[in-house]
Amino acid sequence: MEVSRRLRTTPDTVRTWRRRFLERGLDGLCDDPRPGVPRKITDANVERVIVKTSEETPKNATPWPTRSVAAATGMSQSTISRIWRAFALAPHRSQTFKLSTDPLFIDKVRDIVGLYLDPPEKALVLCVDEKSQVQALNRSQPVLPMVPGVPERRSHDYVRTGTTTLFAALEVATAPAAGAEGRPEPVSA
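Calculation rules
- Residues numbered from 1 in each chain as written.
- Predicted model: local features only at pLDDT ≥ 70, side-chain atom pairs only at ≥ 80, totals over all residues.
- Heavy atoms only, no water.
- Salt bridge = Lys/Arg side-chain N within 4 Å of Asp/Glu carboxyl O.
- Helix = DSSP H or I, 4+ residues; strand = E, 2+ residues; numbered from the N terminus.
- Buried < 20%, exposed > 50% of the residue type's maximum accessible area, 1.4 Å probe, protein only.
- Contact = heavy atoms within 4.5 Å.
- Patch = residues over 30% accessible without salt bridge, like charges linked within 9 Å, V, L, I, M, F, W, Y side chains within 5 Å.
- Areas by Shrake-Rupley, 256 points an atom, 1.4 Å probe, with all protein chains shown as cover.
- Phe/Tyr/Trp six-rings, centres within 6.5 Å; stacked < 30°, edge-to-face > 60°.
- Lys NZ or Arg CZ within 6 Å of the ring centre and 35° of its normal.
- Core = buried A, V, L, I, M, F, W, Y, C linked by side-chain atoms within 4.5 Å.

Student: I keep staring at the pattern of salt bridges and nothing clicks. Help me out?
Tutor: Close approach of charged atoms allows side chains of opposite charge to pair. One pass over the full model with this rule turns up 7 salt bridges. One salt bridge connects arginine 15 with aspartate 12, and the closest N-O pair in it is separated by 2.5 Å. One end of the pair, arginine 15, and the other, aspartate 12, are both in helix H2 (residues 11–24), 3 residues apart, so they sit about a helical turn from each other. With a closest N to O distance of 3.8 Å, glutamate 23 and arginine 19 form a salt bridge. Residue glutamate 23 and its partner arginine 19 are located together in helix H2, separated by 4 residues, close to a single helical turn. According to the relative accessible area criterion, glutamate 23 is exposed, its value standing at 54%. Among the charged side chains, a network of salt bridges with common partners joins Glu2, Arg5 and Arg6.

Student: What should I look at first to understand the side chain of threonine 66 in this one?
Tutor: For threonine 66, the location among the structural elements is in helix H4 (residues 66–73). Excluding residues within four positions of it along the chain, threonine 66 makes contact with Gln77, Ile80, Ser81 and Trp84.

Student: Honestly, a nonpolar patch on the surface in this entry has me stumped. Any pointers?
Tutor: On the surface, Phe105, Ile106, Val109, Ile112, Val113, Leu115, Tyr116 and Leu117 cluster together into a nonpolar patch covering about 750 Å² of accessible area. Within the secondary structure, isoleucine 112 is located in helix H6 (residues 105–117).

Student: Got a minute to help me understand the packing of aromatic side chains in this structure?
Tutor: For any two aromatic rings, the description comes down to two numbers: the centre-to-centre distance and the angle of the planes. Throughout the structure, instances matching the rule amount to 0 aromatic pairs. Positioned above the aromatic ring of tryptophan 17, the side-chain terminus of arginine 20 is 4.4 Å from the ring centre.

Student: Can you walk me through the nonpolar core in this structure?
Tutor: Val46, Val49, Ile50, Trp64, Val69, Ala70, Met75, Ile80, Ile83, Trp84, Leu89 and Met146 form the largest nonpolar core, which has 12 residues in total. When residues of this core are traced back to their parent elements, those giving at least two are helix H3 (43–55), H4 and helix H5 (77–86). Setting aside chain neighbours within four positions, we find leucine 89 in contact with Ile50, Thr53, Trp84, Met146, Val147 and Pro148.

Structure, rendered in structure tokens:
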């Protein structure tokens, strides 16, 4: 009764495991086969699904859909879903990351955030973002593959091939713009 209270289980459970230990020793602590239909999916099949999902890419799709893996392995779509859930695989999920190597990165972030938090008097602060990094081009870093419990990860930026991002400040009263180098440039309306 004391063991069942400490382990927060029923006295019958404690009696069952104690009896099995007394009868078979340490071998009695291994779980007995359960009643019901024997398992049809072997460990080799599970491994095949995991390898296909995490190390291969399909020909005509970005992530592996369950139907494609099912067709390629000869298993059912629901079996593939159960394996993915059991091993926390989510090929449809992807994360991005950005690593800046700019030595002035912190100073630049402070300047930009400072404009929003404490804008100059009689000034208008605008943010225009054309999402230049969202293009189907080569990433600057290799894609980190999906592993159980962690989605695929891609770098935030890509190798630029002619596209640039322009940063400028517009003085509303006189209409000149300070370009990326800080030189005033005329602005046409």
